[in-house]
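Working through the structure, step by step
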Amino acid sequence: MKKQNNGFKIGTILLFLGLTLYYLFPTIQWNLEQRHMNSMTETERVLYEAENFAKLSNLRERSLSLGLDLQGGMYVTLEVGTPQLVLELAGDFADSFLEDVLNTARETSLEQRTDFIDEFVNEFERRDPDAMLSRYYRSDGGNITRRSTNAEISSFLKSQRTGAVERAIEIIRSRIDRFGVTEPSIIQQGDSRIVVELPGVDDEERVRDLLRGTARLEFRLTPEVDEIRAAKQRVANYFSNLAEEDTGEAADSENGAPVRNLLEIFDLRGSNDFSFGYSAARDTSDVNRLLSKPEVQELIPRNISLLWSARPFAADSGIDLYEIIAVRSQIELTGDVISEARVAFDPTTNVPEVSMTMDSEGARRWARITGANIGRPVAIVLDGFVYSYPTVRSQINNGRSSISGLGGLREAEDLVNILMSGALPAPLEIIEERTVGASLGEASIRAGLYSVMFGLTIVAFFMIAYYRVGGAIADLALLLNIIFILGILAGFQATLTLPGIAGIVLTIGMAVDANVLIFDRIREEMRGGKTLRAAIDNGYSNAMSAIIDANVTTFFVAVILYSFGVGPIKGFAVTLMAGIVASLFSAIVITRVVVDYLTREKTAVVSFG
């Protein structure tokens, strides 16, 4: 009977061990692949990743993931731009009064840390108790009409904010998945904040652009050349007259004093007929400030918008020069019509660009736009920056277009990612950012590994010194226990964190605790005069209740920690639960099989101390 039971136990052990190695094998393969890719140049790595995309994605998804604290990465808190969202919901009804109320509400909510929408409604009613927000907001889906009360519109705005946050989370998750981050954490915090943890990320600026980019793609026509020249002349005359009236105390932006005259830092000649002018990168903020002055805005036609180029068009003595492109304020087409985007290469220059395909409605409208504007440039605008403004040579009927003027292959890939993930419903602002360097992550791994090895060594020596052969058996089970824990974590696609390593260290002590109970029971039975085989049977059976009670109660505590905890506490709980299951199996099943094998002969002698 015992042989049959042990046969089943051995089969279970082999099955458990086989499953563990099966789930850990992708982790081993992934680490080898990473070492191989790290030895390549950037170009070779990009090509290798493209050729083996399916294989690498599968390995990355199935491998044991390391948390932010172990492999380094970024912790980012984003906030949905609720003021901008509320303003956009007003649409064409928005006016200067509404904008002023929004600005005041924003300042109040930041100072007092209160809800922005509540402050917005309060400020609106404070200025005019009889005014109705329904003059600005309409929604058939939200059942908002001219008769809606301010309270109803407040609820509507909050529901729109909630929807915007949920949509932003979906889009961020899609972008990050395309970016290739393993086990990202994306959770909502409060009413309008999103917390993102990205393990293994080392390109901080690239991630910032990926998270903040609203992906608002627009196609705009350019104004007539005569309109642009006339506006430039009026602006030039204004600042020329200002210079004559000036006392000569104007300063440039390098010494910290504000620039008073646009002509000092901005060349209105431009690089072509559609360029309003250009300036050095360091002066763009001053140019924006001067051009946004009300008296200057009156000199520029309302149907013309001035947008910066996304990339420098030239350099002067090593200083990048950016130009302002004049485009129509009216948006002819948006990125909503884009059905497909991919990285392509210009057949002439071999420079990477983004090729886009429109849906049927977009293709129809694009054919109409290009057909009616042959010989005129069409500006391709993304998030308020002009990427290119190619001249229409003929009508385009297939719904295709492209974005050029990119910074390289990586930017093209990120732009495809953003376009295919969709546009954010509202702007996102990074309000908190922390970076864990890869070296710090490696130091945490080393510290965690040393703590596990140190604890394992101390426990192993103690068990052998105190329980002799029985202690060696317990040490074997302990080694298998750690392998089982890692296999369970990999099988359930859990993430190993620094608190998780603490859970493994704790599990090491708990695992031998079960063997201590068993071996002490065996020694008591032997002191009572029983044979070795009888003492072993009674020792395991009598210690079982205490072992089960201790481990089950600890498991329930781990379940509670997992259910209500977040972040590090959750990681600790996951590892603790896996460790309890593995330690019970190794302490009860594995050690019993080994002990039975060593005592299979009646004359066998096994020392338990």
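Residues numbered from 1 in each chain as written. Predicted model: local features only at pLDDT ≥ 70, side-chain atom pairs only at ≥ 80, totals over all residues. Heavy atoms only, no water.

**Re the overall build of the chain**
- Looking only at helices and strands, the chain has 19 helices and 17 strands in total.
- Since a compact globule built from 609 residues should have a radius of gyration of about 25 Å, the 34 Å found for the chain marks it as more spread out than a globular shape.
- Considered along the principal axes of its C-alpha atoms, the chain spans approximately 115 × 65 × 55 Å.
- Counting the 609 residues in the chain, one finds 45% classified as buried.
- If you take every contact in the chain between residues at least 6 apart in sequence, the share linking residues at least 24 apart comes to 69%. (Helix = DSSP H or I, 4+ residues; strand = E, 2+ residues; numbered from the N terminus. Rg over C-alpha atoms; globule rule 2.2 N^0.38 Å. Buried < 20%, exposed > 50% of the residue type's maximum accessible area, 1.4 Å probe, protein only. Contact = heavy atoms within 4.5 Å.)

**As for the pairing of strand β2 (residues 73–80)**
- With seven of eight residues buried, β2 lies mostly within the body of the structure.
- Bridge count between β2 and strand β4 (residues 193–199): seven bridges; the pairing is antiparallel. Each bridged residue has a counterpart across the sheet, and for G73 the counterpart in β4 is P199. (Pairing = 2+ DSSP bridges.)

**Quick look at the environment of A514**
- Residue placement: A514 occurs in helix α17 (residues 498–527).
- Distance in space between the C-alpha atoms of A514 and S586 is 9.7 Å, their sequence separation being 72 residues.
- In contact with A514, not counting residues within four places along its chain, are I547 and A587.

**Structural notes on the nonpolar core**
- By size, the foremost hydrophobic cluster in this structure holds 50 residues, and its most contacted members are L489, F519, I522 and F608.
- Residue assignment for this core shows that the elements contributing at least two residues are α1 (2–38), α15 (438–467), α16 (469–491), α17, α18 (532–564) and α19 (568–598).
- At eleven residues, the largest contribution of residues to this core is made by α16.
- Every residue in contact with F519, bar those within four places of it in the chain, is listed here: M463, Y467, G470, G471, A474 and F608.
- The next biggest cluster of nonpolar side chains, apart from the first, holds 29 residues, and it includes I228, V235, A379 and V386. (Core = buried A, V, L, I, M, F, W, Y, C linked by side-chain atoms within 4.5 Å.)

**Some thoughts on the sheet that holds strand β14 (residues 385–388)**
- Strand order in this open sheet of four strands is β10-β5-β13-β14, and the pairing throughout is antiparallel. Two strands close off the open sheet at either side, each with one partner strand: β10 (333–334) and β14.

**Focus: the confidence of the model for the chain**
- Taken over all residues, the pLDDT of the chain has a mean of 82, while the share at 70 or more is 91%.
- Here helix α4 (residues 68–71) is the element of the chain with the lowest mean pLDDT, 71, and strand β7 (residues 304–308) is the one with the highest, 92.
- This model gives residues 248–256 a pLDDT under 50, and the stretch forms twelve contacts once residues within four places in sequence are excluded. (pLDDT = per-residue confidence, 0-100.)

**Re the environment of E123**
- Note on placement: E123 falls in helix α7 (residues 116–127).
- Apart from the residues lying within four places of it in its own chain, the contact partners of E123 are V101 and T104.

**Some words on the side chain of N481**
- Note that N481 resides in helix α16.
- N481 has contacts with T507, A511, G579, A582, S583 and S586, leaving out every residue within four places of it along the chain.

**Side note on the pairing of strand β15 (residues 400–403)**
- Side chains S401 and I403 project from β15 onto a buried face, and the interleaved R400 and S402 project onto a face without burial.
- Across four bridges, the pairing between strand β12 (residues 352–358) and β15 is antiparallel. If you follow S355 over to β15, its bridge partner there is S402.

**Quick notes on unusual backbone geometry**
- One non-glycine residue, R113, adopts positive backbone phi at about 55°.
- Take R113: it is sitting in the loop between α6 (96–112) and α7.
- The phi dihedral of R468 is positive, around 55°, even though this residue is not glycine.
- With respect to the helices and strands, the residue R468 is situated in the loop between α15 and α16.

**Structural notes on a nonpolar patch on the surface**
- Taken together, the side chains of L15, L19, Y22 and Y23 make up a nonpolar region of the molecular surface, amounting to roughly 410 Å² of accessible area.
- On the secondary structure map, L19 appears in helix α1. (Patch = residues over 30% accessible without salt bridge, like charges linked within 9 Å, V, L, I, M, F, W, Y side chains within 5 Å. Areas by Shrake-Rupley, 256 points an atom, 1.4 Å probe, with all protein chains shown as cover. Salt bridge = Lys/Arg side-chain N within 4 Å of Asp/Glu carboxyl O.)

**So, the pattern of salt bridges**
- The final tally for this structure, using the stated rule, is 21 salt bridges.
- Close ionic contact of E33 with K55 constitutes a salt bridge, the shortest N to O distance being 2.9 Å. Linking E33 in helix α1 with K55 in helix α3 (residues 53–62), this pair joins segments that are 22 residues apart in sequence.
- Look at K55 and you get partly exposed, because its relative accessible area is 41%.
- The partner of R135 in a salt bridge is D95, with the nearest N and O atoms 3.8 Å apart. In this pair, R135 sits in the loop between α7 and α8 (150–179) while D95 sits in the loop between α5 (82–90) and α6, placing the two residues 40 residues apart along the sequence.

**Overview of the sheet that holds strand β11 (residues 338–345)**
- Spatial strand order, β11-β12-β15: three strands in an open sheet with antiparallel pairing. At either margin of the open sheet sits one strand with a lone partner, and together these are β11 and β15. Averaged over all neighbouring strand pairs, the angle between strand axes comes to 25°, with direction disregarded.
- Across the sheet, helix α13 (residues 360–372) is in contact with β12 and β15; its angle to β12 comes to roughly 105°. (Axes fitted to C-alpha atoms, helices over the stretch in contact; angles between N-to-C directions.)

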